[in-house]
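Commentary on secondary and tertiary structure
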Amino acid sequence: MSLDLSRLDTERIPAHVGLILDGNGRWANARGLPRTAGHMAGEAALFDTVEGALEIGIKWLTAFTFSTENWSRDPEEVEFLMWFNEDLLTRRRDDLHAQGVRMLFAGDMSDPRIPDRNRKHMKEAAELTRHNHRLNLVFAFNYGGRREIVDAARALARGAREGDIDPDDIHEDVFARFLYIPDMPPVDLLIRSSGEQRISNFLLWQSAYAEFSFPGILWPDFNRQHLLDAVLDYQTRDRRFGSAKDAVRD
Ligand code: IPE
Ligand code: MG
């Protein structure tokens, strides 16, 4: 499937799109299937969306695949999600690499609950694709926005204790260098599927001025056309970043 990009303003492509994949469980429930079947169906949606991002020319796409709060789910579902995240990486890695996609991982990787195999495969995928630059595809895995900010604060505090950083020199740009992926740009467009309208601890720092899109589509039904629709809608928005001036736009 190829997108009709004739209405796309190539001057205003969002540099970074965040994706909160939501609704897998409801999709499965509606079909009398186990929740895990919904996660499996969500894989095709994610990679169709990645294809769409490549077509549209989006440079950063971050997908929320496992949150620091998801550990509280049923142990069987958690175990499935661990296995599935790893399995998906190994199956998709070479294809993504061939397409010039750089794979990155954002999250608390020191968590002992993450199986070593996952950690190993994430490391390998990041290594393999590190020189690619067509699309930066970030998997937010064992990710929590508050934890990311606290981890950065801790690293900065340590630096100050060691005398490497003067607390008076800590500004926003300095702080941002201590986040999980220092070169990650701010989120321009944040999409959450399934109709829920919450940020759920996703990219809190990076989404300070994000535009939000809440399509009422369960994640397994999402595809690249929905991504394009969200981008086209984003292109109609006035982004003022706190200023009172009218946005400069024709
Ligand atoms: C998102 O779908 C799956 C994850 C990223 C873990 P959900 O599992 O939250 O689906 P619902 O909200 O229960 O329908
Ligand atoms: Mg949910």
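First, a word on what this report is: a plain description of the structure on this page. These figures come from a predicted structure and were not determined experimentally. (Residues numbered from 1 in each chain as written. Chains lettered and ligands numbered in written order. Predicted model: local features only at pLDDT ≥ 70, side-chain atom pairs only at ≥ 80, totals over all residues. Heavy atoms only, no water.)

**Some points on the overall build of the protein**
The test is simple: Per the convention used, a helix needs a DSSP run of H or I reaching at least four residues, while a strand needs a run of E reaching at least two, with both numbered from the N terminus. We take the radius of gyration over the C-alpha atoms and set the globule estimate at 2.2 Å times the residue count to the 0.38 power. Only protein chains enter the accessibility calculation, which uses a 1.4 Å probe; a residue is then buried when its area is under 20% of its type maximum, exposed when over 50%, and partly exposed in between.
Across its full length, the protein carries seven helices and six strands. Mapped in sequence order, the helices and strands of the protein form the string β-α-α-β-α-β-α-β-α-α-β-β-α. On C-alpha atoms alone, the protein measures out to a radius of gyration of 19 Å, which is about the 18 Å that the 2.2 N^0.38 rule sets for 250 residues. Its C-alpha atoms give the protein principal-axis dimensions of about 60 × 50 × 35 Å. Residue burial in the protein is summarised as follows: out of 250 residues, 51% are buried.

**A look at the nonpolar core**
Heads up, the rule is: Buried residues of nine kinds, namely Ala, Val, Leu, Ile, Met, Phe, Trp, Tyr and Cys, make up a nonpolar core once their side-chain atoms join them within 4.5 Å. The contact rule is simple, with two residues in contact once any of their heavy atoms fall within 4.5 Å.
Counting residues in hydrophobic clusters, the biggest one holds 45 residues, and the most contacted among them are L46, V50, I56, L61, F139, I191 and L227. The element contributing the most residues to this core is helix α3 (residues 75-98), with eight residues. When sequence neighbours within four positions are dropped, the list of residues in contact with L46 reads L19, L21, A63, F139 and W219. Of all hydrophobic cores here, the second largest spans 15 residues; its members include I20, F64, V187 and L190.

**Details of the site of ligand 1**
Short version of the rule: When at least one non-hydrogen atom of a residue lies within 4 Å of a molecule or strand, that residue is treated as near it. Values of accessible area rely on a 1.4 Å probe in the Shrake-Rupley scheme; residue burial ignores everything except the protein chains shown.
Taken together, 13 residues lie near ligand 1, and L21, D22, R26, R35 and R73 sit nearest. With the chains in place, 87% of the 390 Å² that ligand 1 exposes on its own is no longer accessible. Counting residues per element, the ones that place at least two in the shell around ligand 1 are α1 (24-30), α2 (35-56) and β2 (60-67). When residues in the shell around ligand 1 are grouped by element, the largest group, three residues, is from α1.

**Observations concerning the pairing of β2**
Threshold: Whether two strands pair comes down to DSSP finding at least two bridges between them.
Among the eight residues of β2, eight are classified as buried, and the element is accordingly described as predominantly covered. In this sheet, β2 lies alongside strand β1 (residues 16-20) in parallel orientation, the contact comprising five bridges. Bridge pairing in β2 places I20 opposite F64. In this sheet, strand β4 (residues 135-143) lies alongside β2 in parallel orientation, the contact comprising seven bridges.

**A closer look at the sheet that holds β2**
Heads up, the rule is: Each axis is a line fitted through C-alpha atoms, and for a helix only the stretch in contact is used; angles between axes span 0 to 180 degrees, taken between their N-to-C directions.
Pairing in this open sheet of six strands is parallel, and the strands run β3-β4-β2-β1-β5-β6 from one edge to the other. Two strands lie at the open edges of the sheet, namely β3 (101-106) and β6 (211-213), each paired on one side alone. Within this sheet the neighbouring strands show an average axis-to-axis angle of 20 degrees, counted without direction. Running at roughly 145 degrees to β4, α2 makes contact with β1, β2, β3 and β4 of the sheet. Its contacts with the sheet place α3 against β2, β3 and β4, and it is angled at close to 155 degrees to β3.

**Observations concerning the pairing of β1**
Within β1, five of the five residues are buried, which leaves it mostly tucked inside the rest of the structure. Here β1 shows a buried face lined by H16, G18 and I20 and a second buried face lined by V17 and L19. Where β1 lies against strand β5 (residues 189-192), four bridges are found, and the strand directions are parallel. The partner of G18 across the bridge, within β5, is L190.

**Topic: the packing of α2 against helix α7 (residues 224-234)**
Here is the rule: Angle categories are assigned with fixed cut-offs, so that under 35 degrees is roughly parallel, over 145 is roughly antiparallel, 65 to 115 is roughly perpendicular, and the rest are oblique. By definition, any crossing whose near helix is turned counterclockwise from its far helix by less than a right angle is left-handed, and any crossing with a clockwise turn is right-handed. Residue polarity follows a fixed list, in which Ala, Val, Leu, Ile, Met, Phe, Trp, Tyr, Cys and Pro are nonpolar, Asp, Glu, Lys and Arg are charged, and the others, Gly among them, are polar.
Running from N to C, α2 and α7 cross one another at 45 degrees; their axes reach a closest spacing of 8 Å. With respect to α7, the axis of α2 lies oblique. For the element pair α2 and α7, the recorded crossing hand is right-handed. Of α7, the residues touching α2 (which contributes D48, T49, E51, G52, A53, E55 and I56) are R224, L227, L228 and V231. Within the contact of α2 with α7, the residues separate by chemical class into five nonpolar, two polar and four charged.

**Some details on the packing of α2 against α3**
Packing of α2 against α3 brings their axes to within 11 Å, and their N-to-C directions diverge by 30 degrees. Taken together, the axis directions place α2 and α3 in an arrangement best described as roughly parallel. In the crossing of α2 with α3, the sense of the turn from one axis to the other is right-handed. Touching R35, T36, H39, M40, E43, F47 and V50 of α2 are E77, F80, L81, F84, L88, R91, R92 and L96, all from α3. Residues of the contact of α2 with α3, tallied by class, amount to eight nonpolar, two polar and five charged.

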